[in-house]
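Residue-level structure breakdown
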Amino acid sequence: MGSSIESDELYDRLGDAVTTCGELLGGTTVDRWEVFAKNSLTRETEISGGRIRRTIQVEENGIGIRVYDQGRAGFAAVSGLDAGAARFAVESGRAGAVHGPDPMPPARLLGTSDVARGPELPPRGWAQHVASELEMALSAMSDNVLRLGRAMIQEGRYAWTLHTGDGWSARHDRTVASMVVEVQVGDRPGTWREWVHVADPAAIDAEAVASRIGNRALLTRHNVATDRGLHDLLLHPEVSAQLVAALSPLFIATDVGQDRLPGLLDRNGLLAAYALTITDDRSDPSAPVVSPCDGEGLPARRTLLLEEGAPRHRVASYADAHRFDELPRGGAVRLSYRDRPVSGLVNLRVLTEDGMAAGELLAASDRALYLLRPLAPVVCDLAADSYSLIASGVWLEHQRVRGWHPVVELRGGLGTLLRRIDAVGSDLCWFETPRGFVGAPSLLIRRQPVMG
Amino acid sequence: MVRHLTRQAVVVRRDGWRQVTGPPLVRLEDGADRGTALVAARDQPLLGDWIRAFLEPPPSRTWDPPAGFKCPVVFANGTSGPLLHELVGHMVEGDLVADGRSPLAGLAGANLTEARLTVTDDPGRFDLPGAFSCDDEGVPANPVVVLREGRLCGWLCDRETAELGDTLAGRGRRPDWRYPPTPRLSNLVVAAGDADPDTLEAGLTHGLVVTRLAGATVDPVSTRTVLRVERGFELRNGRRRRTLAAFELTGSVTEILAAIHPAVGNDPTPDWRLGWCVKDGLPLPTGSEAPTLLVRRLEVL
């Protein structure tokens, strides 16, 4: 099955919804308007012991509308795509409008509407097949030490259309997939849990996924060893991703009073070491969120946020860009039809073009703490220039594992940490964090204080 | 920012339908830090006091307890509620028990702690955020005693895991209509003991007292818990001395339970700081009320 609604019929329904809204708005005093209609279909299949335990399929439709009516700006969202939903959205958007500037970008800034269609959802049975392949691959790569507990395979397809009263329109659809894998490690109690982004469901490589999970999970079999003091750190991409996510407020436009970035820069104007370059890019086909334009219709582009350690640009919605004196670069995020577009990051990514292979990174330090997985979100106090990172890791000596450190904490100066990044790996992986999707590689950081 | 949260739901089953109601909630967010919030039932009589405490600026002069420092820790002001939410509440949820992910699986009837703690999951407490009239599978709200005088005696189950464990359902909860019900706790209520909380602090030569927690997690790999302490004091010879900076405490689930001192405070206090619980990425309102407890040994991270 591809979708519960065939694509053409789906686009017809989305198109009908925005047409109805447009007709209703045409007979009013509204100066400018924008209608966003979206359909999403998600399917989660839980598999354990080779059997499907549960399948959850959810379909959701809705309309989000922004109006600017005689100096008043309004937003409303309504579930459903029928004429009643369209009427209610228009009425609610106008009724809830308040005095303020027009938040919508002018038509001249909007991007293309020439968009290719995404593929259909994988066929039924794909999830079970993937779990079965993964189970065999985990077992084979670990001499039966790793056992697949549960796999939750998540597949989704969404389609949206965005129309403005100026006659501009865009539409887009896309298929996405990911999985949550839970693995038992030998006889040790506890479960290893990992989220894996699947960029192309048709080309998934179960052995590569098993290798990615197993290489880390097996390290927790070593005897416990603890240490403290100043040590080199090797951050697994998942830990790096949490760190980069914690920095994300620095890359979103804000007013001068709330801006923490100047206080974190060194005398050369650097936030981090030369090795670190960070972008936000919704045009990257390998990233979890891809679209032709941002949540308001500005063309998708790569925004350089940090270049060789130096801050460059910040993302902003059109209204925030105007408010905070930034150039509008297409930084509006609209997670659902229920949400108005706001300034935000979509695919925050560390560039790895010059990254070192994992083996070279391991060889770069005789003695290091390799942080395997975060145990809590990394906390950065941007005002106080400090960070706290709680993770589990292993101690490495001459590239050999000395022992597993189940809970370890690092605390210190945030700027110092970022400026001691010595090397970036080439092993970029995507992760879902509380602040959105982050693509990060391994990072080698010199001499940081390790506690307990 | 202040958000008002209300939820209306109906569960329709072959044998009839039931309306699901919960207390209207209020969520107060600190504009400067989106990670900091207060969640409480709107009709909670102490809400005004809690808002004042929430808006207090952090102390300016603080002491950082050294990493690796192992000491007794007093959990005051209801902070033992979130502690037991992690150590006991989640660990008796039917799905974790059924597939062996809980360190308490297989310990039914065992004495987990020498403290004569009686811990009840009570969705009928409408002054706490986790209350409901019936769960999201239409089972009327019923309190479940999970720990009676320190002995493990109950599980929190939805209909599916109740069948597996031959126990009562009533904890099938959904974050919203898009998700199926899974076993989740509601309001964890710890019965009062008879110890004056001041005596728990007075008996310590050197230790810490926690007055506000910012969060708590259990690592599924190591089954160790990490408690994020937001406010507290150093104890010297039974008296509160220096104010603590934010820090973390850690220990394994079963070790912390075993280290709870037999004397239980006589001051059950609702916690206001953590009215929201996230499991497998899915948030739900939960609450707790607990007296002051002393854990004889915890490690500062």
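Quick notes on the rules
Residues numbered from 1 in each chain as written. Chains lettered and ligands numbered in written order. Predicted model: local features only at pLDDT ≥ 70, side-chain atom pairs only at ≥ 80, totals over all residues. Heavy atoms only, no water. Pairing = 2+ DSSP bridges. Helix = DSSP H or I, 4+ residues; strand = E, 2+ residues; numbered from the N terminus. Phe/Tyr/Trp six-rings, centres within 6.5 Å; stacked < 30°, edge-to-face > 60°. Buried < 20%, exposed > 50% of the residue type's maximum accessible area, 1.4 Å probe, protein only. Core = buried A, V, L, I, M, F, W, Y, C linked by side-chain atoms within 4.5 Å. Contact = heavy atoms within 4.5 Å. pLDDT = per-residue confidence, 0-100. Buried area = accessible area lost by both parts, 1.4 Å probe. Salt bridge = Lys/Arg side-chain N within 4 Å of Asp/Glu carboxyl O. Polar contact = N/O pair within 3.5 Å; in protein donor to acceptor, adjacent residues only side chain to side chain. Nonpolar A, V, L, I, M, F, W, Y, C, P; charged D, E, K, R; others polar. 1 Å grid on protein atoms, 1.4 Å probe; cavity = no way out; pocket = protein on both sides within 12 Å on 5 of 7 lines; lining within 4 Å. Points joined across faces, edges and corners; volume = space filled by probe spheres on them. Arc of directions from axis to C-beta.

The next thing to look at is the sheet that holds strand 10 (residues 302-307) of chain A. All names here are of chain A. Read across the sheet, six strands follow the order 11-10-9-14-21-20 without closing on themselves; strand pairing throughout is mixed. Each of the sheet's edge strands pairs with one partner strand only, and the pair in question is strand 11 (310-311) and strand 20 (429-433). Sheet topology places strand 10 next to strand 11; two bridges connect them, and they run antiparallel. Bridge pairing in strand 11 links E307 to A310.

Here we come to the packing of aromatic side chains. Taken as a whole and judged by the stated rule, the model has three aromatic pairs over all chains. Both rings, one in A:F36 and one in A:W160, keep their centres 5.8 Å apart while their planes meet at 35°; by these two values the pair is tilted. Pair noted here: A:F36 is in strand 1 (residues 32-48) and A:W160 is in strand 5 (residues 146-164), with a separation of 124 residues, a long-range link. Each member of the pair A:F36 and A:W160 is classed as buried. On the basis of an interplanar angle of 85° and a centroid distance of 6.3 Å, the ring pair of B:F54 and B:W272 is categorised as edge-to-face.

Within the largest apolar cluster, 50 residues are counted, with the highest numbers of intra-cluster contacts made by B:F75, B:L84, B:L117, B:L208, B:L249 and B:L257. Look past the residues within four positions of B:L84 in its chain and what remains in contact with it is B:G89, B:L117, B:L188, B:V190, B:L257, B:I260 and B:L293. A:V239, A:L243, A:A246 and A:V350 belong to the second largest nonpolar core, which has 49 residues in total.

Bringing the confidence of the model for chain A into the picture now. Chain-level statistics for chain A give a pLDDT mean of 90 and a share of 97% at 70 or above. Confidence over residues 1-5 of chain A falls short of pLDDT 50; this stretch has 17 contacts with residues more than four positions distant or in other chains.

Residues and elements named next belong to chain A. Taken in spatial order, the seven strands line up as 4-3-2-1-5-6-7 in an open sheet, and their pairing is antiparallel. Two strands bound the open sheet, and with one partner strand each, they are strand 4 (98-99) and strand 7 (192-198). Looking at chain direction, strand 1 and strand 2 (residues 51-69) are connected through 17 bridges and run antiparallel. By the bridge assignment for strand 2, S40 is matched with E60.

All names here are of chain A. The phi torsion at E308 lies on the positive side, around 45°, for a residue other than glycine. If you trace the backbone, E308 turns up in the loop between strand 10 and strand 11. Given a relative accessible area of 47%, E308 falls into the partly exposed group.

This part takes up the interface of chain A and chain B. On the chain B side, the residues contacting the 31 residues of chain A number 24 residues. Summed over both partners, the interface of chain A with chain B buries about 2,300 Å², with 53% contributed by carbon and sulfur atoms. Between chain A and chain B we count six salt bridges in total. Linking A:R54 and B:E160 is a salt bridge whose minimum nitrogen-to-oxygen distance equals 2.9 Å. Linking chain A with chain B are six residue pairs in polar contact (both at pLDDT 80 or more), by the criterion used here. Counting residues per element, the side of chain A that touches chain B draws most heavily on strand 18 (residues 400-413) of chain A, at six residues. Among the residues making up the side of chain A that touches chain B, the classes are represented as 14 nonpolar, five polar and twelve charged.

Residue and element names in this part refer to chain A. The space that makes up the second largest pocket amounts to roughly 590 Å³. As for the second largest pocket, its lining consists of 23 residues, and the residues nearest its centre are R212, H236, P237, D427 and C429. Breaking the lining of the second largest pocket down by element, the ones donating at least two residues are helix 4 (206-217), helix 7 (358-363) and strand 20. Partitioning the lining of the second largest pocket into residue classes produces 13 nonpolar, six polar and four charged.

For the rest of this paragraph, the subject is helix 1 (residues 47-55) of chain B. Residue and element names in this part refer to chain B. Listed in full, the buried residues belonging to helix 1 are L47, W50, A53 and F54. The buried residues of helix 1 occupy an angular sector of 120° when projected down its axis, which confines them to one face. Within helix 1, the exposed residues directed more than 90 degrees away from the buried face are R52 and L55.

Before going further, it helps to spend a moment on the side chain of B:E248. Counting through the fold element by element, B:E248 comes out in strand 16 (residues 247-252). We classify B:E248 as buried; its relative accessible area is 6%. For B:E248, the side chain forms a polar contact with the side chain of B:R228, separated by 3.2 Å. Apart from residues no more than four positions distant in its own chain, B:E248 is found in contact with A:S388, A:I390, A:E409, A:R411, B:V226, B:L227, B:R228, B:E299, B:V300 and B:L301.

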